[in-house]
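In case you want the letters, here they are:
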Amino acid sequence: MGRRQTLLEKFKQQMKAYKKKRMMKDNTPYMPEDGVVYVMDTMNPEKKIRVEVLKTKVKKHREIIESIACPVCNNPMHWDDIWEAFICEKHGKRAIYEIVNE
Ligand SMILES: [Zn+2]
């Protein structure tokens with residue numbers, strides 16, 4: 001009881017919050033309801049670029065973007081789990097486009 005108990009409780013609460021936060025960190029590229037998707041070039045993060053969605057799939061009742069057109073060369077880009085972004089290697093240097101969530 002007393003202080004020890006309180007610390008343990010505190011720790012448990014922190015763990016719970018941490019787990020919740022981790023679960024909330026979902027990087028799946030979900031399709032926005034209005035279908036308007038923006039990406040940003042990781043090399044130039046200031047600029048928001050609107051992109052064309054080429055393919056989606058439904059997983060667990062949610063629509064996920066599978067492929068978008070590269071804003072530079074129009075090549076279909078696919079999701080990369082490691083980069084957590086869409087990547088184009090067809091126009092010169094590799095371009096990494098992250099989805100902009102608003
Ligand atoms: Zn490209």
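It should be noted that the structure appears before, not after, this text.
All figures in this text were calculated on a predicted structure; none of them were measured in a lab.

Draft legend 1. Structural view of the pairing of strand β3 (residues 53–59). With zero of seven residues buried, β3 is to be regarded as a mostly surface element. One ladder, built from six bridges, connects β3 with strand β4 (residues 62–69); its direction is antiparallel. Bridge pairing links Val 58 to Glu 63 in β4. With antiparallel pairing between neighbouring strands as the criterion, β3 and β4 make up a hairpin whose turn holds two residues, including Lys 60 at a positive phi of roughly 50°.

Draft legend 2. Here's a closer look at the nonpolar core. Among the nonpolar cores identified, the biggest contains 11 residues, and these are Val 39, Ile 65, Ile 68, Cys 70, Met 77, Ala 85, Phe 86, Cys 88, Ala 95, Tyr 97 and Ile 99. Residue assignment for this core shows that the elements contributing at least two residues are β4, β6 (85–88) and β7 (95–99).

Draft legend 3. Summary view of unusual backbone geometry. Although it is not a glycine, Lys 60 sits at a positive phi angle of roughly 50°. Among the structural elements, Lys 60 can be located in the loop between β3 and β4. Residue class for Lys 60 comes out exposed when judged on the 6 C-beta atoms lying within 10 Å of it. Backbone geometry at Glu 84 places phi at a positive 55°, although glycine is not the residue there. Along the chain, the position of Glu 84 falls in the loop between β5 (76–80) and β6. Using a count of 13 C-beta atoms within 10 Å as the deciding quantity, one classes Glu 84 as partly exposed.

What counts and what doesn't
- Residues numbered from 1 in each chain as written.
- Predicted model: local features only at pLDDT ≥ 70, side-chain atom pairs only at ≥ 80, totals over all residues.
- Buried ≥ 20, exposed ≤ 12 C-beta atoms within 10 Å, placed from the backbone.
- Helix = DSSP H or I, 4+ residues; strand = E, 2+ residues; numbered from the N terminus.
- Pairing = 2+ DSSP bridges.
- Core = buried A, V, L, I, M, F, W, Y, C linked by C-beta atoms within 7 Å.

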